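# Observations on the model geometry
Listed here are the chains, written in short residue letters.
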Amino acid sequence: QAQLVESGGGLVQAGSSLRLSCVAPGSIFSRTTFGWYRQAPGKQRDLVARITTSGETNYGDSVRGRFTISRDNAKNTVYLQMDNLKPEDTALYYCASLLFGSPRYWGQGTQVTVIN
């Protein structure tokens, strides 16, 4: 089993910050690459950020410099620190475990809504 549980979304004003959390099964956490993806209504699901088992990170062009992905192996948790949020960031955010660079298991999603 690979149950992923996201939390931390909400309704915020532009320029604010949020931190999303993704808790994964302890049995697989330390040997798994994780990613954050987002999908807005009528749009495709896009990569936001990913982090490997060794801590290497990658970011989507639209969030680079504003978002930071991290992981805490002791807590089996992946974080997404989101700073200087913009209305364009409004979407349903998903945590995913990756295999060969592609998502295989998904969490239920957490909604982020940013207003002016």
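Given the structure is predicted, the values throughout are model-derived calculations rather than measurements. (Residues numbered from 1 in each chain as written. Predicted model: local features only at pLDDT ≥ 70, side-chain atom pairs only at ≥ 80, totals over all residues. Heavy atoms only, no water.)

## Examining unusual backbone geometry
The following threshold applies: Secondary structure elements are taken from DSSP: a helix is a run of H or I of four residues or more, a strand is a run of E of two residues or more, and numbering for both begins at the N terminus.
The backbone phi angle of Asn76 is positive, close to 50°, even though this residue is not glycine. By secondary structure assignment, the location of Asn76 is in the loop between β7 (67-72) and β8 (77-82).

## Looking at the pattern of salt bridges
Pairs can form between side chains of opposite charge whenever their charged atoms are close. What counts is decided by this rule: When a carboxyl oxygen of Asp or Glu is within 4 Å of a side-chain nitrogen of Lys or Arg, the pair counts as a salt bridge. A simple rule labels every residue: compare its accessible area, found with a 1.4 Å probe on the protein chains alone, to the largest value its type can have, and call it buried under 20%, exposed over 50%, or partly exposed in between.
A full pass over the atoms with the stated rule returns three salt bridges. Asp61 serves as the salt-bridge partner of Arg64, at 2.9 Å between the closest nitrogen and oxygen. Judged by relative accessible area, Arg64 falls into the partly exposed class, the value being 48%. Given the relative accessible area of 66%, Asp61 is considered exposed. Salt-bridge contacts for Arg66 lead to Asp89; the nearest nitrogen and oxygen are separated by 2.8 Å. Taken as a pair, Arg66 in the loop between β6 (57-59) and β7 and Asp89 in the loop between β8 and β9 (91-99) lie far apart in primary sequence, 23 residues in all.

## Details of the nonpolar core
Selection rule: Here the nonpolar core consists of buried residues drawn from Ala, Val, Leu, Ile, Met, Phe, Trp, Tyr and Cys, with membership extended through side-chain atoms lying within 4.5 Å. In this analysis, two residues are considered to be in contact whenever any of their non-hydrogen atoms come within 4.5 Å of each other.
Residues Trp36, Leu80 and Tyr93 are the most contacted members of the largest nonpolar core, which totals 26 residues. Those elements giving two or more residues to this core turn out to be β3 (18-23), α1 (26-29), β4 (33-39), β5 (46-51), β7, β8, β9 and β11 (110-115). Sequence-distant contacts of Tyr93, defined by excluding residues within four places in its chain, comprise Glu6, Leu20, Trp36, Tyr37, Arg38, Val48, Phe67, Leu80, Met82, Gly109, Thr110 and Val112.

## A look at the sheet that holds strand β1 (residues 5-7)
Heads up, the condition is: A strand pair is defined by DSSP finding two or more bridges across the two strands. Only the contacting stretch of a helix is used when fitting its axis, a line to C-alpha atoms as for every element, and angles between N-to-C directions run 0 to 180 degrees.
Strands sit in the order β1-β3-β8-β7 across an open sheet of four strands; the sheet is antiparallel. Two strands lie at the open edges of the sheet, namely β1 and β7, each paired on one side alone. Averaged over all pairs of adjacent strands, the angle between their axes in this sheet comes to 15°, without regard to strand direction. Two strands pair when backbone bridges link them, and β3 and β8 are joined in this way by six bridges, in the antiparallel orientation. Bridging across to β8, Leu18 finds its partner in Met82.

## Regarding the pairing of β11
Along any regular strand the residues' side chains alternate between the sheet's two faces. Burial along β11 is one-sided: the face carrying Thr110, Val112 and Val114 is buried and the face carrying Gln111, Thr113 and Ile115 is not. Across four bridges, the pairing between strand β2 (residues 10-13) and β11 is parallel. Among the inter-strand pairings, Leu11 is bridged to a residue of β11, identified as Thr113. Note that β9 and β11 share three bridges and pair antiparallel.

## What about the pairing of strand β10 (residues 102-106)?
When β9 meets β10, the two strands line up antiparallel, connected through four bridges. Counterpart to Leu98 in the pairing with β10 is Pro103. Linkage of β9 to β10, two consecutive antiparallel strands, is achieved through a turn of two residues, within which Phe100 is found at a positive phi near 50°.

Bear in mind that shape data such as this cannot, by itself, settle questions of function.
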